Amino acid sequence: MVGGGIIGLAVAWRARQRGMSVTVLERDECGQATSRIAAGMLAPVMEVEFGEAGRRALELGLRSAELWPAFAAELARAAGAEVPLIGGGAMFIARDEDEARELERQLAFRGSLGLRVERLRPSEARALEPALAPTLRLALVAPEDRSVDPRLVLAALRGACESGGVRLREHASVAEVEVDGAHRRATGVRLEDGERLGAGALVIAAGPWSGGLAGLPDGAGVPVRPVKGQIVRLRDPAGPGLVGRAVRFEGGYVLPRGDGRYVLGGTVEERGFDLAPTAGAAYEMLRVARELIPGVSEMEIEELSVGLRPGTPDNAPAVGPGALEGLTWATGHYRNGILLAPLTAELVAGVLEGRSAAQDLGQLLGACDPLRFAASFPRPVSSVEVAS
Ligand SMILES: Cc1cc2nc3c(=O)[nH]c(=O)nc-3n(C[C@H](O)[C@H](O)[C@H](O)COP(=O)(O)OP(=O)(O)OC[C@H]3O[C@@H](n4cnc5c(N)ncnc54)[C@H](O)[C@@H]3O)c2cc1C
């Protein structure tokens, strides 16, 4: 396994449970990159986007959202730690006529997909969330969207991996994938310090860095780009209760952790591997949040941080076998890697066990097939075939 973020750790844990011998190679310390920055919304309904890739992402998101309660409970047991899911749904609010028109369009779109979303008048929205400013025009509520604190999940995954027998090798940076060219098969990796490690099966879960691994033949990789996201962490000295559910608006969200802490996010910027937090982004996020929820002014700033979302060209994930034998991808989770972690772990463990053609997994793997980016590369015989 290359990468010890939420995806790499979740896959490693599941694969080990299925009896495989698993080593995670992490160039830093596990769980310190994108996954640590994420807000943690488990929000397939609010995140759904127009278009074919959006439809595929929704299918994956809804399935993974269903898995989350059992995943969190099992993880908590395995790690002896708390992994609470925060319910209450998510509210999307419009501040003016233009935004209200857009919300109506979003409501109709979700309705056409059979998703449960309720339309609220301003008075109804303020009855649910009294801290909202009176300037509100319209609100939607997705009652089933939830959230989780990714840092608790990462700590628990680490604990579960360690106690379950996954070998975590930190400060082990993979320099290149080793490939048996004649057989178009990935055979292992070479680390930056020159050490070579063979692997019966290699999984790439290197988040936004997944597209840059050396050693892969042309056309055998998955194109992944970093999409910068800045996020502010706040704490209300008055304790919890100002806002009870995720409040989303054009350009951002305020997400309560339920204990007086809030996450305010997030920018979406195409700036390569730039990790610098900027005053302009922080100002804009705080300005809009305060306009919508005036009580935000009294909160203390705990952290301003930056993460890099792993985005593929169509922004849908790339999970499953690729163009090389012996290499499985678990990347490209873009804005939904926390949501999609349980499902990704199931899918990749299934592929590694050789169950990828099974009906239950095949359909879902078809929705995130990495081979859609390797059209010109010869397809290995064992790759997933999915009936439409
Ligand atoms: C601001 C922001 C808010 C977000 N909010 C949400 C949200 O609310 N809900 C949601 O579902 N998702 C959210 N996301 C998206 C989510 O964070 C990502 O999709 C997810 O964290 C990706 O996980 P990962 O394990 O693939 O990547 P990472 O967590 O980045 O892990 C990849 C790991 O690979 C390691 N690595 C890289 N290259 C190498 C190498 N050569 N050798 C060894 N190790 C290597 C890295 O050090 C890193 O630890 C958000 C993201 C951002 C930035």
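Residues numbered from 1 in each chain as written. Predicted model: local features only at pLDDT ≥ 70, side-chain atom pairs only at ≥ 80, totals over all residues. Heavy atoms only, no water.

Asks: Any chance you could explain the overall build of the protein chain here in plain terms?
Replies: Secondary structure summary: the protein chain contains ten helices and 19 strands in total. In terms of overall size, the protein chain behaves like a compact globule, its C-alpha atoms giving a radius of gyration of 21 Å where 388 residues would be expected to give roughly 21 Å. For the protein chain, the spread of C-alpha atoms along the principal axes amounts to about 65 × 40 × 40 Å. Every one of the 388 residues in the protein chain was classed for burial, and the buried ones make up 54%. (Helix = DSSP H or I, 4+ residues; strand = E, 2+ residues; numbered from the N terminus. Rg over C-alpha atoms; globule rule 2.2 N^0.38 Å. Buried < 20%, exposed > 50% of the residue type's maximum accessible area, 1.4 Å probe, protein only.)

Asks: Would you take a moment to explain the packing of helix H4 (residues 52-79) against helix H7 (residues 150-164) for this structure?
Replies: Between two packed helices, both the angle of their axes relative to each other and the distance between the axes serve to describe the pair. For the pair H4 and H7, interaxial distance at closest approach is 8 Å and the crossing angle is 55 degrees. Accordingly, the angle class assigned to the pair H4 and H7 is oblique. The interaxial crossing formed by H4 with H7 has left-handed handedness. Here Trp-68, Phe-71, Leu-75, Ala-78 and Ala-79 of H4 lie close against H7, whose contacting residues are Val-153, Ala-156, Leu-157, Ala-160 and Ser-163. (Axes fitted to C-alpha atoms, helices over the stretch in contact; angles between N-to-C directions. Parallel < 35°, antiparallel > 145°, perpendicular 65-115°, else oblique. Left-handed = near helix turned anticlockwise from the far one by under 90°. Contact = heavy atoms within 4.5 Å.)

Asks: How should the environment of Val-153 be read in this particular structure?
Replies: With respect to the helices and strands, the residue Val-153 is situated in helix H7. Separated by 113 residues in sequence, Val-153 and Gly-266 have C-alpha atoms that sit 20 Å apart.

Asks: I'm lost on the site of the ligand in this one. Help?
Replies: Taken together, 38 residues lie near the ligand, and Glu-26, Thr-34, Ser-35, Met-41 and Arg-335 sit nearest. Here a nitrogen atom of the ligand sits 3.1 Å away from a polar atom, N or O, in the main chain of Arg-27. Here an oxygen atom of the ligand and a backbone polar atom of Gly-40 are 3.0 Å apart. Here the ligand loses 97% of its free accessible area of 1000 Å² to cover by the protein chains. Residues that form the shell around the ligand fall into these classes: 21 nonpolar, 13 polar and four charged. (Near = heavy atom within 4 Å. Polar contact = N/O pair within 3.5 Å; in protein donor to acceptor, adjacent residues only side chain to side chain. Areas by Shrake-Rupley, 256 points an atom, 1.4 Å probe, with all protein chains shown as cover. Nonpolar A, V, L, I, M, F, W, Y, C, P; charged D, E, K, R; others polar.)

Asks: What am I meant to see in the packing of aromatic side chains here?
Replies: The geometry of an aromatic ring pair is captured by the separation of the ring centres together with the interplanar angle, meaning the angle of the planes. Following the criterion strictly, the structure yields four aromatic pairs and no others. Relative to Phe-71, the ring of Trp-13 has its centre 5.7 Å away and its plane inclined at 75 degrees; by these criteria the two rings are edge-to-face. Of this pair, Trp-13 sits in helix H1 (residues 6-17) while Phe-71 sits in helix H4, placing them 58 residues apart in sequence. Owing to a relative accessible area of 4%, Trp-13 belongs among the buried residues under this scheme. Relative accessible area serves as the criterion here: at 3%, Phe-71 is assigned to the buried category. Note on Trp-68 and Phe-71: the rings are 5.1 Å apart at their centroids and 80 degrees apart in plane angle, and the pair reads as edge-to-face. (Phe/Tyr/Trp six-rings, centres within 6.5 Å; stacked < 30°, edge-to-face > 60°.)

Asks: Would you mind going over the pattern of salt bridges with me for this structure?
Replies: Opposite charge on two side chains permits pairing when their charged atoms draw close. Applying the stated criterion across every chain, the model contains 38 salt bridges. With a shortest N-O distance of 3.0 Å, Arg-105 and Glu-102 are connected by a salt bridge. Placement of both Arg-105 and Glu-102 in helix H5 (residues 97-112) is noted, with a separation of three residues, approximately one turn of the helix. Residue Arg-105 is classed as partly exposed on the basis of its relative accessible area, which comes to 46%. With a shortest N-O distance of 3.8 Å, Glu-124 and Arg-121 are connected by a salt bridge. (Salt bridge = Lys/Arg side-chain N within 4 Å of Asp/Glu carboxyl O.)

Asks: Could you clarify how one ought to interpret the nonpolar core in this entry?
Replies: Nonpolar side chains in soluble globular proteins generally cluster together in the buried interior. Counting 49 residues, the largest nonpolar core has Ile-6, Trp-68, Leu-75, Val-83, Val-153, Leu-157 and Leu-347 as the members making the most contacts within it. Elements represented by at least two residues in this core include exactly H1, H4, H7, helix H9 (337-353) and helix H10 (359-366). Looking at which element gives the most residues to this core, the answer is H9, with nine residues. Discounting residues that sit within four places of it in the chain, Leu-347 has contacts with Val-319, Leu-361, Leu-364, Leu-365 and Cys-368. (Core = buried A, V, L, I, M, F, W, Y, C linked by side-chain atoms within 4.5 Å.)

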